[in-house]
Amino acid sequence: VLHHNVFPIYSEMQQPSVRKMSRVAHIANSCAAVVFCTSAVFGYLDFRSTAQSDVFSNYSISYIPMDVVRLGFGVAAGFMFPIVSWECRANIDRVLFPNVGKTEEEGGWSERGAWIKHLVLVFVVTGGALLLGVFVPNLNSVLGLIG
């Protein structure tokens, strides 16, 4: 999640430094590693040799603890998506609206107009991703299209 947001995160830090950014990267990657390793260990311990590659496939659909985990993954994805799509939205903004950062007098956006433009771009990126996820039945199709 962090690699494509390094520069925007770095530029928004108070008194940015390579040391601080390294610390942020280490903490983020360590948290992700702990979560993934914990999932892998407990998935294997629960199923041993019958474990499938997708831990969710091992459990029945009506298993309440797994429903809680599924809900947790959904919430995590909901909070993670804006971070992942941040650079996409920012780059679309830079391409379509090159006057970013200019004042109204210089041909830029007013504060209210910039906020509305930001919201529209967020909804377009999020809605586009949602439609892609709903209507494309296979992830390989998407990855084949975008490389």
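Worth saying up front: this structure is predicted, and the values here are computed from it rather than measured. (Residues numbered from 1 in each chain as written. Predicted model: local features only at pLDDT ≥ 70, side-chain atom pairs only at ≥ 80, totals over all residues. Heavy atoms only, no water.)

### A look at the overall build of the chain
No. 1: Secondary structure summary: the chain contains seven helices and zero strands in total.
No. 2: Going residue by residue from the N terminus, the α and β elements of the chain occur as α-α-α-α-α-α-α.
No. 3: Relative to its full complement of 147 residues, the chain shows a buried share of 14%.
No. 4: Sequence-distant contacts in the chain: of pairs separated by 6 or more residues, those separated by 24 or more amount to 40%. (Helix = DSSP H or I, 4+ residues; strand = E, 2+ residues; numbered from the N terminus. Buried < 20%, exposed > 50% of the residue type's maximum accessible area, 1.4 Å probe, protein only. Contact = heavy atoms within 4.5 Å.)

### Description of helix H5 (residues 86-96)
No. 1: When we look at burial in H5, the residues that qualify are Glu-87, Arg-89, Ala-90 and Asp-93. Mapping the buried residues of H5 onto a view down its axis gives an arc of 160°, with all of them on the same face. Residues of H5 that are exposed and point more than 90 degrees away from the buried face comprise Val-95 and Leu-96. (Arc of directions from axis to C-beta.)

### Section: the side chain of Arg-89
No. 1: Positionally, Arg-89 belongs in helix H5.
No. 2: Since its relative accessible area comes to 13%, Arg-89 is described here as buried.
No. 3: Beyond its immediate chain neighbours, meaning those up to four positions away, Arg-89 contacts His-118, Leu-121, Val-122 and Val-125.

### Structural notes on a nonpolar patch on the surface
No. 1: Where nonpolar side chains cluster on the molecular surface, the patch consists of Val-41, Phe-42, Tyr-44 and Leu-45 and spans about 410 Å² of accessible area.
No. 2: Looking at the secondary structure, you find Val-41 in helix H2 (residues 18-47). (Patch = residues over 30% accessible without salt bridge, like charges linked within 9 Å, V, L, I, M, F, W, Y side chains within 5 Å. Areas by Shrake-Rupley, 256 points an atom, 1.4 Å probe, with all protein chains shown as cover. Salt bridge = Lys/Arg side-chain N within 4 Å of Asp/Glu carboxyl O.)

### Structural notes on unusual backbone geometry
Among all residues save glycine, negative phi is the norm, and among peptide bonds the norm is trans.
No. 1: At Gln-15, a residue that is not glycine, the phi angle is positive and equals roughly 50°.
No. 2: With respect to the helices and strands, the residue Gln-15 is situated in the loop between helix H1 (6-12) and H2.

### A word on the pattern of salt bridges
No. 1: Tallied over the entire structure, the rule returns three salt bridges.
No. 2: Across the salt bridge formed by Arg-89 and Asp-93, the nearest N and O atoms sit 4.0 Å from each other. Of the two residues, Arg-89 and Asp-93 are both situated in helix H5; the distance of four residues between them amounts to about one turn of the helix.
No. 3: For Asp-93, a relative accessible area of 10% corresponds to the buried category.
No. 4: The salt bridge partner of Asp-93 is Lys-117, with a shortest N-O separation of 2.8 Å. With a gap of 24 residues between them, Asp-93 in helix H5 and Lys-117 in helix H6 (residues 111-135) connect regions that are remote in the sequence. Note on accessibility: Asp-93 and Lys-117 belong to one class, buried.

### Observations concerning H2
One turn of the α-helix equals 3.6 residues, which is why residues spaced by three or four share an orientation.
No. 1: Compared with an ideal rise of 1.5 Å per residue, which puts 30 residues at 44 Å, H2 spans 43 Å between its outermost C-alpha atoms and is within 8% of the ideal.
No. 2: Taken together, the buried positions of H2 are occupied by Met-21, Gly-43 and Phe-47.
No. 3: Of the surrounding elements, those touching the buried residues of H2 are H1 and helix H3 (55-58).
No. 4: The positive-phi residue at the C-terminal boundary of H2 is Arg-48, with phi of around 50°. (Expected span 1.5 Å × (residues − 1).)

### Some remarks on the confidence of the model for the chain
No. 1: Mean pLDDT for the chain: 79, with 84% of residues reaching 70 or above.
No. 2: Of all the helices and strands in the chain, helix H7 (residues 139-146) carries the lowest mean pLDDT, 68, while H2 carries the highest, 87. (pLDDT = per-residue confidence, 0-100.)

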